[in-house]
Amino acid sequence: MKAPAFKKIAAGVLLSVGLVGNSFAAECIAPASPGGGWDFTCRIIGKIMYEIGAVDKPIQVTNMAGAGGGLAYNHVVAERNDDVDVFIAASSATATRLAQNAYAGKTADQVRFVGAIGADPGVIVVADDSPYKNLKDLLDAIIKDPKSVTFAGGSAVGGFDHLKPLMLLQRAGFTDVTKVKYIGVNNGGDAITQTIGGFTQAMTGDMSEVVGFLKTGKVRAIAVLTEERVPGFEDVPTAKEQGYDVVAVNWRGMYVPKGVSDEVFNMWAERLQKVADSKQWAEAMTANGLAPFTKVGDDFQEYVTNVVKEINTMSKDIGVIK
């Protein structure tokens, strides 16, 4: 398999180092700035693929931020539809935006979803000195005065990070979701910074985005949106145990161009499965607060198709889209 030539990407930043040409096995596009979940997915999956011998050369990582992942999606569909040497980091946010027609008319069937090998639990985080000690405190404050709390998240307005607090508030009996204040920034790191700095009162995002900040003690996670508490973060209560029946996990996976052959699709699925089965991935999940979530190949493609339909319906139900 030939290595891809470097491409000029005005809105992206090439972060890999090394020689061009044959020095890379393939390229992973992270549709966001460094520090976010998609960047994490590209870097850790690419690193482990090389370490375990699933590829014989390092993976080139390209950051292509813009339009909540839409810039990268459009780039792949329009310019690299048959490129066998590229894969793109994806997540529940990708499915959400496709479900809400946020990618300028692009649809989920214009690429092939290869698989997901981990679920990043959703979290609600506040600054360490926040007056909100638990999830009920925060939600009650919003119900009393929606203007008193602004959330920051790494997704665009109406994206998966935005949907999380809306679902929680819906369970709390608050229906006027248009009054909930939300700021979408480039990634989870930026969202945390907004909250630590006091510009927003809470951050809605994923566990992997807040692990480092939790360790510094600058923020507190007041809820994790999983069925059970996350191993390694047992001190963070679930929303369910606090009386709000919401489970919102952000799967971590990848897609490839629509125009590649079944053979190439299956090759990437096998490589991803090898990562999922590796000791290195198990360690990475533990270190970053990920929960096991393995769906690879055609089963995952079917799963994404169904999820897009479900999110489309849910978004209409809560008034995010018409």
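Remember, predicted model here, so these are calculated numbers, not experimental data.

### Notes on the nonpolar core
Stage number 1. With 92 residues, the main nonpolar core has Phe113, Trp268 and Trp281 as its most contacted residues.
Stage number 2. In this structure Phe113 touches Ala90, Thr94, Leu98, Ala108, Trp251, Met254, Tyr255, Phe265, Gly297, Phe300, Gln301 and Val304, once residues within four positions along its chain are discounted.
Stage number 3. Ile192, Met203, Val210 and Val219 belong to the second largest nonpolar core, which has 16 residues in total.

### Comments concerning the environment of Asp56
Stage number 1. Relative to the assigned elements, Asp56 resides in the loop between helix H1 (37-51) and strand E3 (59-64).
Stage number 2. Placed 30 residues apart in sequence, Asp56 and Ala26 show a C-alpha to C-alpha distance of 9.9 Å.
Stage number 3. Sequence-distant contacts of Asp56, defined by excluding residues within four places in its chain, comprise Ala25 and Tyr50.

### Regarding the domain arrangement of the protein chain
Stage number 1. If you check the domain split of the protein chain, you get domain 1 (26-120 + 250-318) and domain 2 (121-242).
Stage number 2. Of note, the centres of domain 1 and domain 2, computed from C-alpha atoms alone, are 24 Å apart.
Stage number 3. Listed by partner, the interface residues are 24 residues for domain 1 and 23 residues for domain 2.
Stage number 4. Roughly 1,700 Å² is buried in total at the junction of domain 1 and domain 2, and carbon and sulfur atoms are behind 57% of that figure.
Stage number 5. At the junction of domain 1 with domain 2, the criterion picks out one salt bridge.
Stage number 6. Close ionic contact of Arg252 with Asp206 constitutes a salt bridge, the shortest N to O distance being 3.2 Å.
Stage number 7. The tally of links from domain 1 across to domain 2 stands at seven residue pairs in polar contact (both at pLDDT 80 or more).
Stage number 8. Contributions of two or more residues to the side of domain 1 that touches domain 2 are made by helix H3 (92-99), strand E5 (111-127), strand E10 (249-257), helix H9 (279-288) and helix H10 (298-317).
Stage number 9. Ranked by the residues each element gives to the side of domain 1 that touches domain 2, the list is headed by H3, at four residues.
Stage number 10. Tallied by class, residues from the side of domain 1 that touches domain 2 come to 10 nonpolar, 11 polar and three charged.

Cut-offs and rules
- Residues numbered from 1 in each chain as written.
- Predicted model: local features only at pLDDT ≥ 70, side-chain atom pairs only at ≥ 80, totals over all residues.
- Heavy atoms only, no water.
- Core = buried A, V, L, I, M, F, W, Y, C linked by side-chain atoms within 4.5 Å.
- Buried < 20%, exposed > 50% of the residue type's maximum accessible area, 1.4 Å probe, protein only.
- Contact = heavy atoms within 4.5 Å.
- Helix = DSSP H or I, 4+ residues; strand = E, 2+ residues; numbered from the N terminus.
- Domains from an automatic or database assignment.
- Buried area = accessible area lost by both parts, 1.4 Å probe.
- Salt bridge = Lys/Arg side-chain N within 4 Å of Asp/Glu carboxyl O.
- Polar contact = N/O pair within 3.5 Å; in protein donor to acceptor, adjacent residues only side chain to side chain.
- Nonpolar A, V, L, I, M, F, W, Y, C, P; charged D, E, K, R; others polar.

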